[in-house]
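Coordinate inspection notes
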Amino acid sequence: MKLISKHLDKEGAGSIRLQPEEPADLWHAYNLIHTGNILKASTFRRITKDKDKDLAAGGTGAPSSSGSSQRVQLTLAITVQKTDFDPSVGALHASGPVAEESPHVRLGAYHTLDLALHRAFTLSKLPNAPWDSIALQTISAACDPASRAEVGAVVLQPGLANVCLVTEHMTLLRQRVEIAIPRKRAADSAVAHDKAIKRFYAAVAVAMQRHFDYGILKAVIIASPGFCGEQLLKYLLDTAGKDVDTGSATAGSNKILIQSKNKFMLVHCASGHIHALNEVLRAPEVLTRLADTKFARESATLEKFFCVLNEGDGMGGVRAWYGPKHVATAVDRGAVKTLLISDRLFRSDDVKKRKYYVAFVEQVRSQGGEALVFSSLHESGKQLDQFTGIAAILNFPIPELEDMSDDDEHYEMQIEKH
């Protein structure tokens with residue numbers, strides 16, 4: 001993400017102009033844009049040619065069945081009412097009424113802005129819902145070049161492979177490879193099986209070559225049950241060597257693959273389905289290699305939370321809790337060692353709820369605790385969302401938490417205070 005300009009008052013209200021540089025930046029933008037914000041960007045809109053008459057008559061400038069129209073490029077500002085993000089194609093849309101007068105579109109006319117890579121936008125937040133510490137931290141992280149480090153991951157089993165890119169903030173499924181593999185039953189079927197396996201590895205290799213830039217990837221993880229991963233890696237290195245020797249069209253990329261072979265890691269997992277990626281990222285060898293990445297810290301912390309939760313009240317009491325009410329009490333007591341919170345909670349349309357969870361993070365950090373904001377586009381974040389999206393590991397047990405009910409009355413009262 002490129003920060004172009006920043007104009008905020010002492011209360012945090014104002015505008016920030018940003019330019020997405022890579023797909024993960026659109027995810028950051030999605031987390032920053034909330035209902036009621038003013039979003040300004042370049043866009044296209046089809047308008048009537050005789051727009052002056054149309055606008056004078058109270059029209060919107062939109063095309064009508066009775067007149068001709070043309071598609072023009074213009075800059076519009078809207079009051080955001082709805083946002084939609086599709087990570088699979090990197091598409092971010094924000095819609096709402098036009099908030100600033102335009103020669104082509106009247107004030108209040110509905111429009112959808114499509115945010116795209118390398119196209120700047122300006123986001124303004126009003127005094128009633130200013131820029132908070134979490135939003136500013138998100139921008140800081142997005143503009144940090146170190147956060148752009150990516151890891152390639154292939155999770156596979158015979159006949160099925162998921163080729164993924166794992167960034168600091170999201171997991172992207174780039175391609176799914178499926179090929180039917182016949183069973184070995186007789187001599188003829190064994191030959192068919194071997195041919196199908198070879199076709200499968202060839203298809204996975206092509207997918208990896210298409211989506212992985214081995215020169216910039218921090219690591220390439222190949223995970224599978226059994227020996228499928230080892231066989232794929234052997235196939236990659238063997239075929240890359242042959243292509244380089246024969247000077248084929250793919251020689252350049254395969255030469256980089258051979259030079260990057262130290263980046264490859266073989267990891268065992270239970271299956272070739274994408275949900276096994278969370279298990280892979282928690283493997284000790286992966287955590288050691290990727291210790292300085294955000295998603296590895298998230299996976300390791302979530303694993304620690306589950307371990308502490310499963311220990312239960314062995315001898316020292318319960319030191320792991322989840323849910324807004326229980327965690328809020330622990331925060332008030334200054335007992336939180338590590339706060340785990342999903343970025344989904346900061347996308348709430350309710351300003352009071354957003355402020356409530358921002359205050360959670362700030363209070364824990366002011367008490368010397370650690371607060372990790374989990375990405376809901378990582379498998380670890382999806383798991384945390386299944387546990388209400390907020391959890392905590394405590395420095396010491398709080399016995400009265402065990403007697404608390406799960407009603408929302410206390411929770412709603414606390415939100416009202418913000």
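Computed from a predicted model, the values in this text were never measured in an experiment. (Residues numbered from 1 in each chain as written. Predicted model: local features only at pLDDT ≥ 70, side-chain atom pairs only at ≥ 80, totals over all residues. Heavy atoms only, no water.)

1. Side note on the sheet that holds strand β12 (residues 219-224)
Strand order in the open sheet made by the 5 strands is β11-β10-β9-β12-β13, with mixed pairing throughout. For this open sheet the edge positions go to β11 (171-178) and β13 (264-268), each flanked by a neighbour on one side alone. Each neighbouring strand pair of the sheet contributes to a mean axis angle of 20 degrees, computed without reference to strand direction. (Pairing = 2+ DSSP bridges. Helix = DSSP H or I, 4+ residues; strand = E, 2+ residues; numbered from the N terminus. Axes fitted to C-alpha atoms, helices over the stretch in contact; angles between N-to-C directions.)

2. Topic: the packing of aromatic side chains
In the structure shown here, the tally under the stated rule is 13 aromatic pairs. Taking the centre distance of 5.7 Å and the plane angle of 40 degrees together, the rings of phenylalanine 200 and tyrosine 201 count as tilted. For the pair formed by phenylalanine 200 and tyrosine 201, the shared burial category is buried. For the pair tyrosine 214 and phenylalanine 264, a centre-to-centre distance of 5.8 Å together with 35 degrees between the ring planes defines the contact as tilted. Taken together, the residues tyrosine 214 in the loop between α4 (187-211) and β12 and phenylalanine 264 in strand β13 connect sequence positions 50 residues apart. You can call phenylalanine 264 buried: its relative accessible area is 9%. Among the aromatic residues, those joined into a ring-pair cluster are Phe305, Phe306, Tyr322 and Phe387. Its guanidinium or amino end placed over the ring of tryptophan 131, lysine 125 lies 5.0 Å from that ring's centre, counting from NZ or CZ. (Phe/Tyr/Trp six-rings, centres within 6.5 Å; stacked < 30°, edge-to-face > 60°. Buried < 20%, exposed > 50% of the residue type's maximum accessible area, 1.4 Å probe, protein only. Lys NZ or Arg CZ within 6 Å of the ring centre and 35° of its normal.)

3. Things to note about the side chain of asparagine 162
Along the polypeptide, asparagine 162 turns up in strand β10 (residues 160-166). Taking the relative accessible area as the measure of exposure, asparagine 162 reaches 0% and is therefore buried. In terms of polar contacts, asparagine 162 uses its side chain to reach the backbone carbonyl oxygen of glycine 272, at 2.8 Å. Those residues in contact with asparagine 162 that sit more than four places away from it in its chain are Ala153, Val154, Val155, Leu173, Gln175, Arg176, Gly272, His273 and Ile274. (Polar contact = N/O pair within 3.5 Å; in protein donor to acceptor, adjacent residues only side chain to side chain. Contact = heavy atoms within 4.5 Å.)

4. Let's talk about the environment of threonine 43
Considering the arrangement of structural elements, one finds threonine 43 in strand β3 (residues 38-48). Separated by 29 residues in sequence, threonine 43 and valine 72 have C-alpha atoms that sit 8.4 Å apart. Polar contacts involving the side chain of threonine 43 include one to the side chain of histidine 111, which spans 2.9 Å.

5. Observations concerning the confidence of the model for the protein chain
The predicted structure's coordinates, where accompanied by low pLDDT, should not be read in detail. Of the residues in the protein chain, 86% have a pLDDT of 70 or more, and the chain-wide mean is 85. Scored below 50 in pLDDT, residues 244-249 makes 5 contacts in the model with residues more than four places away or belonging to other chains. (pLDDT = per-residue confidence, 0-100.)

6. Some details on the sheet that holds strand β5 (residues 82-86)
If you trace the 3 strands from one edge of the open sheet to the other, you get β5-β6-β7, paired in antiparallel fashion. Because the sheet does not close on itself, it has two edges, and the strands there are β5 and β7 (110-115). The sheet shows a mean angle of 15 degrees between the axes of neighbouring strands, direction not considered. Inspection of the sheet shows strand β6 (residues 91-97) paired to β7 by 6 bridges, in the antiparallel sense. Residue pairing for β7: serine 95 is matched across the bridge by threonine 112. Packing against the sheet, helix α1 (residues 23-32) makes contact with β5, β6 and β7, and its axis sits at approximately 155 degrees to β5.

7. With respect to the packing of helix α10 (residues 324-332) against helix α11 (residues 351-366)
At a minimum axis separation of 10 Å, α10 and α11 run at an interaxial angle of 35 degrees. Judged by the sense of rotation from one axis to the other, the crossing of α10 with α11 is left-handed. Contacts between α10 and α11 involve Pro324, Val327, Ala328, Val331 and Asp332 from the former and Tyr356, Tyr357, Phe360, Gln363 and Val364 from the latter. (Left-handed = near helix turned anticlockwise from the far one by under 90°.)

8. Quick word on the pattern of salt bridges
Oppositely charged side chains can pair when the atoms bearing their charge come close. As enumerated under the stated definition, the model contains 8 salt bridges in all. Residue lysine 40 is joined to glutamate 100 by a salt bridge in which the shortest nitrogen-to-oxygen separation is 3.5 Å. You can see lysine 40 sitting in strand β3 and its partner glutamate 100 sitting in the loop between β6 and β7, a full 60 residues away along the chain. Glutamate 100 sits in the partly exposed class, given a relative accessible area of 37%. A salt bridge links arginine 347 to aspartate 343, with the shortest nitrogen-to-oxygen separation between them at 3.3 Å. (Salt bridge = Lys/Arg side-chain N within 4 Å of Asp/Glu carboxyl O.)

9. Describing the pairing of β5
Where β5 meets β6, 5 bridges bridge the pair, whose relative direction is antiparallel. Looking at β6, one finds that threonine 83 is bridged to alanine 94. Hairpin connection of β5 to β6: 4 residues between the antiparallel strands, including glycine 90 at a positive phi of 65 degrees.

10. A look at the pairing of strand β17 (residues 390-394)
For β17, the tally of buried residues reaches 5 of 5 residues, placing the bulk of the element in the interior. On β17, burial covers both faces: Ile390, Ala392 and Leu394 on one face and Ala391 and Ile393 on the other are all buried. As paired elements, strand β14 (residues 320-322) and β17 share 3 bridges and run antiparallel to each other. If you follow tyrosine 322 over to β17, its bridge partner there is alanine 391. Pairing of strand β15 (residues 336-342) with β17, which is carried by 5 bridges, proceeds in the antiparallel orientation. Its bridge partner being in β17, isoleucine 341 is matched across the sheet by isoleucine 390.

11. Some details on unusual backbone geometry
Of note, the phi angle at histidine 118 is positive, near 65 degrees, even though the residue is not glycine. The phi torsion at threonine 388 lies on the positive side, around 75 degrees, for a residue other than glycine. For threonine 388, the location among the structural elements is in the loop between α12 (379-385) and β17. Judged by relative accessible area, which is 35%, threonine 388 ranks as partly exposed.

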